[in-house]
Amino acid sequence: VRSYSVFGNPNIYGLYLLSILSFAFDGIGADHCSFRIISGLILILTVISLYFTYSRTAWLLGIAAALYWFRKRLKSGKGLVCLGAGALLLLLLPGFATRMAALASPLDNSFRLRVRIWRNILRLISDSWLWGFGPGSFTESYRYFQAGTGPVQHGHQLYLQLWLENGILSLIAFGGVIVKSLAGFFGDRGTLKATALAILLFLTAAFLETWWVHPFCGDYFWLLISLRYSLKAERKD
């Protein structure tokens, strides 16, 4: 049983949980004890929820985010011990081991299905690469291709679907907004850095999921973008 609350998809729910993790990482290092306690509780509950999504993409992104955030602490002997204990714990979890081992199984065709969809999208893009087929036109444009598992509701790849529906100019504009919003990421600290990390997690997951098909998730992403712009302006003032 995969948990996904009201998000309609465990992968999208897992992505939302990853954004919560990034802010919890920041909170456990806060100056006030009450903030650290609340953030630690949120961190524990979020990790538990993330595990029960059984989303391999969310798991791997979560591990990568944790390694990046705590990279300085992991260089110490104590940090290496914690890292080894964490890896051992993951291997002992039956759900984690089963899901990750399935990647090498010929019966697990979820990734191969995605590759097939991406190839078909590229074929469609070649017919209208400049202007696209129109916002929200994916289902209608893709209906002539057989996916093997019934109708395909989205492209499982945000960038290709954005290109297909809105054209190359919109894709370039989207990239420009993202690059500008993430400027100065490596020198950021605190909440500003946590917000940027959450945005990066969304952008990385976009290579495998079109998460904006869920109304909340799409709006939530732009909320993160707006929050980062606001925090950058506040810091500048």
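All values reported here derive from a predicted model rather than from experimental measurement.

1. What to know about the overall build of the protein
Looking only at helices and strands, one finds eleven helices and zero strands in the protein. Sequence-ordered secondary structure for the protein, helices as α and strands as β, is α-α-α-α-α-α-α-α-α-α-α. The C-alpha atoms of the protein give a radius of gyration of 19 Å, which matches the 18 Å a tight globule of 237 residues would have. Counting only C-alpha atoms and orienting by the principal axes, one finds that the protein spans roughly 55 × 50 × 30 Å. Counting all 237 residues of the protein, 44% fall into the buried class. Of all intrachain contacts in the protein linking residues separated by at least 6 positions in sequence, the fraction that spans at least 24 positions is 72%. Accessible surface, the protein: about 13,400 Å² in total, of which carbon and sulfur atoms supply 67%. Between the averaged position of the 22 positive side-chain charges in the protein and that of its 11 negative side-chain charges there is a distance of 10 Å.

2. A short note on the packing of aromatic side chains
Evaluated as defined, the whole model comprises 26 aromatic pairs. Measuring from centroid to centroid gives 6.0 Å for Phe202 and Tyr220, while their planes differ by 50°, and the two rings are tilted. In this pair, Phe202 sits in helix α10 (residues 190-205) while Tyr220 sits in helix α11 (residues 215-236), placing the two residues 18 residues apart along the sequence. Members of the aromatic cluster, connected to one another through ring pairs, are Phe7, Tyr13, Tyr16, Tyr159, Phe174, Phe202, Phe207, Trp211, Phe216, Tyr220, Phe221 and Trp222. Directly above the aromatic system of Tyr68 lies the positively charged group of Arg71, at a separation of 4.3 Å from the ring centroid. Sitting over the face of the ring of Trp69, Lys193 holds its NZ or CZ atom 4.8 Å from the ring centroid.

3. Side note on helix α8 (residues 158-166)
With seven of nine residues buried, α8 lies mostly within the body of the structure. Within α8 the residues assigned to the buried category are Leu158, Tyr159, Leu160, Gln161, Leu162, Leu164 and Glu165. Buried residues along α8 sit against α6 (110-125), α7 (138-142), α9 (168-181) and α10. Sitting at the amino-terminal end of α8 is Gln157, which places a side-chain oxygen 3.0 Å from the backbone nitrogen of Tyr159. Once α8 finishes, Gly167 follows within two positions and takes phi at roughly 90°, a positive value.

4. Some thoughts on unusual backbone geometry
Even without being a glycine, Tyr54 presents a positive backbone phi close to 55°. Mapped onto the elements, Tyr54 comes out in the loop between α2 (33-51) and α3 (56-69). In this structure, His156 takes a positive phi of about 55° despite not being glycine. Its place among the elements puts His156 in the loop between α7 and α8.

5. Describing a nonpolar patch on the surface
Together, Leu41, Ile44, Leu45, Ile48 and Phe52 make up an exposed nonpolar region whose accessible area comes to about 480 Å². As for its placement among the helices and strands, Leu45 is situated in helix α2.

6. Some thoughts on the environment of Gly95
Among the secondary structure elements, Gly95 is positioned in helix α5 (residues 94-101). Among the residues examined, Gly95 registers a relative accessible area of 12% and is labelled buried. Sequence separation between Gly95 and Tyr51 is 44 residues, and the spatial gap between their C-alpha atoms is 8.3 Å. Apart from the residues lying within four places of it in its own chain, the contact partners of Gly95 are Tyr51, Tyr54 and Trp59.

7. Some details on the packing of α8 against α9
Contact geometry for α8 and α9: axes closest at 7 Å, N-to-C directions at 135°. By the angle between their directions, the pair α8 and α9 is classed as oblique. Packed against α8, whose contacting residues are Leu158, Tyr159, Leu162, Trp163 and Asn166, the element α9 presents Ile168, Ser170, Leu171 and Phe174 at the interface. Considered class by class, the residues forming the contact of α8 with α9 number seven nonpolar, two polar and no charged.

Criteria and thresholds
Residues numbered from 1 in each chain as written. Predicted model: local features only at pLDDT ≥ 70, side-chain atom pairs only at ≥ 80, totals over all residues. Heavy atoms only, no water. Helix = DSSP H or I, 4+ residues; strand = E, 2+ residues; numbered from the N terminus. Rg over C-alpha atoms; globule rule 2.2 N^0.38 Å. Buried < 20%, exposed > 50% of the residue type's maximum accessible area, 1.4 Å probe, protein only. Contact = heavy atoms within 4.5 Å. Areas by Shrake-Rupley, 256 points an atom, 1.4 Å probe, with all protein chains shown as cover. Lys, Arg positive; Asp, Glu negative; His and termini not counted. Charge placed at Lys NZ, Arg CZ, Asp CG, Glu CD. Phe/Tyr/Trp six-rings, centres within 6.5 Å; stacked < 30°, edge-to-face > 60°. Lys NZ or Arg CZ within 6 Å of the ring centre and 35° of its normal. Polar contact = N/O pair within 3.5 Å; in protein donor to acceptor, adjacent residues only side chain to side chain. Patch = residues over 30% accessible without salt bridge, like charges linked within 9 Å, V, L, I, M, F, W, Y side chains within 5 Å. Salt bridge = Lys/Arg side-chain N within 4 Å of Asp/Glu carboxyl O. Axes fitted to C-alpha atoms, helices over the stretch in contact; angles between N-to-C directions. Parallel < 35°, antiparallel > 145°, perpendicular 65-115°, else oblique. Nonpolar A, V, L, I, M, F, W, Y, C, P; charged D, E, K, R; others polar.

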